[in-house]
Amino acid sequence: MNKLQAMEVFIQVVDCGSFTKAAEMLNLPKATVSTLVQTLETTLSVKLLHRTTRQVMITSDGAAYYERCVQILSDVRDAEESLSRHRLSPSGRLRVDTPTGLASEILIPALPAFFERYPDITMELGSTDRPVDLVEEGVDCAVRGGELVDPNLIARRIGVINFVTAASPDYIARHGTPQHPRDLDRHRCVNYFSAKNGKIANWDFTRDSERIEVTLPGAIALNDSNAYVQAGLAGLGIINMTDYLLLRHIEEGRMVRLLPEWSVDPLPVHIVYPQNRHLSAKVRVFVEWVSELFAAHPNLRLQAPRPSVQQELETV
């Protein structure tokens, strides 16, 4: 008996919940699949699966053995890849999901360099501010901002997102400039609501030891970062958005930075992928490439908190 093949067959039977489906997935006769699992049980002197005419259920011993098989086969594949990586270019379809602003402003402009490095990879890039279910929707990996709450995902922190409060010159001409976060109550603000639960995000500000969190009224709320920036440019109100989306508009005079002496809590950025038995080469190289991309970006790389404008002036 080929022990590694038997392990692979056993894992597939557990994943599919059926000998028939496992045989189809592995392109093997059903009798061969059944024989390999039975031989594995005989060799181990333990029952791995309960079989009925309607279903296959894993035993407690089988569940423990399944986890070890997954790890063993993953280690074997990693060892094989480490030897062949210098000879073989990663290939195949890669499904990635990322927030809309990061996709349009950061990832897409840099992708030509990625495809030049890995010409045999094809990509399906989903762009949404809604957190997708990676397993349910067949996504290989995703870039996500904010704290992670899903224990079924493996995460690598790759950077931070900083925020800027700003408004259009037209808005300021009509409504004036707020001098303190509490002045925002008297202004029109553009709110951002979660595409996942519909909750409107609060705005938080910090200056030295003073911290203020405000919930602001607004005539409009959006759940797409690119649309949110456009609302600010159109003069619909004051916005609070990521600096990598706003700094170009500020430098070119289409937006004016407000409350510069106040800082907004940054968000951590992670690249995440499902816990599974094997991290493919195409996912591995994309994770490394995105990490390099963020490390080279002055507004996204991991770094110590930036000083406030007042602190910068005091050191000049």
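These numbers were taken from a predicted model, which means no experiment stands behind them.

Caption draft 1: Structural view of the side chain of Asp97. Within the secondary structure, Asp97 is located in strand 3 (residues 92-98). Despite being buried, Asp97 has no salt bridge partner; Arg144 is the closest side chain of opposite charge, sitting 5.8 Å away. Not counting chain neighbours up to four residues away, the residues in contact with Asp97 comprise Gly126, Ser127, Thr128, Arg130, Val132, Val139, Cys141, Ala142 and Val143.

Caption draft 2: Main features of the sheet that holds strand 12 (residues 239-242). In space, the 3 strands of this open sheet follow the order 12-7-13, with antiparallel pairing throughout. At either margin of the open sheet sits one strand with a lone partner, and together these are strand 12 and strand 13 (256-258). On average, each strand axis in the sheet is tilted by 50° relative to the strand beside it, whichever way the strands run. As paired strands, strand 7 (residues 163-167) and strand 13 are joined by 3 bridges and run antiparallel to one another. Bridge pairing in strand 13 links Ala167 to Val256. Sheet strands touched by helix 8 (residues 243-251): strand 7, strand 12 and strand 13. Its angle to strand 12, the strand with the most contacts, is close to 110°.

Caption draft 3: Representation of the pattern of salt bridges. Scanning all chains against the criterion turns up 12 salt bridges. Of the charged contacts in the structure, one is a salt bridge between Glu124 and Arg93, with a shortest N-O distance of 3.4 Å. Here the residue Glu124 occupies a position in strand 4 (residues 121-127), and Arg93 occupies one in strand 3, the gap between them amounting to 31 residues. Judged by relative accessible area, Arg93 falls into the partly exposed class, the value being 46%. The shortest N-O distance in the salt bridge between Arg156 and Glu288 comes to 2.7 Å. In this pair, Arg156 is assigned in strand 6 (residues 153-161) and Glu288 in helix 9 (residues 281-295), connecting sequence segments 132 residues apart. Since its relative accessible area comes to 32%, Arg156 is described here as partly exposed.

Caption draft 4: How the structure looks around the sheet that holds strand 4. Pairing in this open sheet of 5 strands is mixed, and the strands run 4-3-5-14-6 from one edge to the other. Looking at the sheet topology across the chains shown, the edges are occupied by strand 4 and strand 6. Neighbour-to-neighbour, the strand axes of this sheet turn through a mean angle of 20°, independent of strand direction. Here strand 6 runs beside strand 14 (residues 267-274); their pairing, made up of 8 bridges, is antiparallel. Along strand 14, the bridge assignment pairs Gly159 with Val269. Each of strand 3, strand 4 and strand 5 (141-145) is contacted by helix 5 (residues 100-117), which is oriented at about 170° to strand 4, the strand it contacts most.

About the thresholds
- Residues numbered from 1 in each chain as written.
- Predicted model: local features only at pLDDT ≥ 70, side-chain atom pairs only at ≥ 80, totals over all residues.
- Heavy atoms only, no water.
- Helix = DSSP H or I, 4+ residues; strand = E, 2+ residues; numbered from the N terminus.
- Buried < 20%, exposed > 50% of the residue type's maximum accessible area, 1.4 Å probe, protein only.
- Lys, Arg positive; Asp, Glu negative; His and termini not counted.
- Salt bridge = Lys/Arg side-chain N within 4 Å of Asp/Glu carboxyl O.
- Contact = heavy atoms within 4.5 Å.
- Pairing = 2+ DSSP bridges.
- Axes fitted to C-alpha atoms, helices over the stretch in contact; angles between N-to-C directions.

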